[in-house]
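Structural features, examined
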Amino acid sequence: MENLDQSTASHSIGETCIVCEQLKKQGIRIYTKFLCIDCEREIVQTDVHDPRYQFYLQQLRKIMNREIYS
């Protein structure tokens, strides 16, 4: 069958990371959002006093934004 559901198709080509906003194949799904493995590593290794930390927090807040489906 050629008809794949969207979730199956997106996993074969990748998903857009909520932090770097790039199409990546490997990562984790948090609620309804995708976080690539590269950003996950960066977030975990970043000190809270690093200026990038605030950027990561801002990007991760997208997890809580609800999408409206029509």
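For the structure itself, look to the data block above.
A few points on the structure. (Residues numbered from 1 in each chain as written. Predicted model: local features only at pLDDT ≥ 70, side-chain atom pairs only at ≥ 80, totals over all residues. Heavy atoms only, no water.)

For the rest of this paragraph, the subject is the overall build of the protein. For the protein, the count of helices and strands is three helices and four strands. Helices and strands in the protein line up, N terminus first, as α-β-β-β-β-α-α. Counting across all 70 residues of the protein, residues that qualify as buried make up 24%. A sequence separation of at least 24 residues applies to 28% of the contacts in the protein between residues at least 6 apart. When the accessible surface of the protein is split by element, carbon and sulfur atoms take 53% of a total near 5800 Å². (Helix = DSSP H or I, 4+ residues; strand = E, 2+ residues; numbered from the N terminus. Buried < 20%, exposed > 50% of the residue type's maximum accessible area, 1.4 Å probe, protein only. Contact = heavy atoms within 4.5 Å. Areas by Shrake-Rupley, 256 points an atom, 1.4 Å probe, with all protein chains shown as cover.)

Turning to the side chain of K24, a few remarks are in order. Within the secondary structure, K24 sits in strand 2 (residues 23-24). The residues contacting K24, other than those within four sequence positions of it, are G14, E15, F34, C36 and D38.

Here we come to the pattern of salt bridges. Taken as a whole, this structure holds five salt bridges when the rule is applied. Notably, a salt bridge pairs K62 with E21, separated by 2.6 Å at the nearest N-O pair. One end of the pair, K62, is in the segment after helix 3 (51-60); the other, E21, is in the loop between strand 1 (15-16) and strand 2, and 41 residues separate them in sequence. Note on K62: relative accessible area 24%, which makes it partly exposed. A single salt-bridge network, built from bridges that share partners, covers E42, D50 and R52. (Salt bridge = Lys/Arg side-chain N within 4 Å of Asp/Glu carboxyl O.)

Here the focus is the pairing of strand 4 (residues 33-36). The alternating pattern of strand 4 places K33 and L35 on one face and F34 and C36 on the opposite face, and all of these are buried. Pairing between strand 3 (residues 27-30) and strand 4: four bridges, direction antiparallel. The residue of strand 4 that forms the bridge with I30 is K33. (Pairing = 2+ DSSP bridges.)

Phi is positive for E21, which is not a glycine, with a value near 60°. In this structure, Y31 is a non-glycine residue whose phi angle is positive, near 60°. Looking at the secondary structure, you find Y31 in the loop between strand 3 and strand 4. Take Y31: its relative accessible area is 54%, and that puts it in the exposed class.

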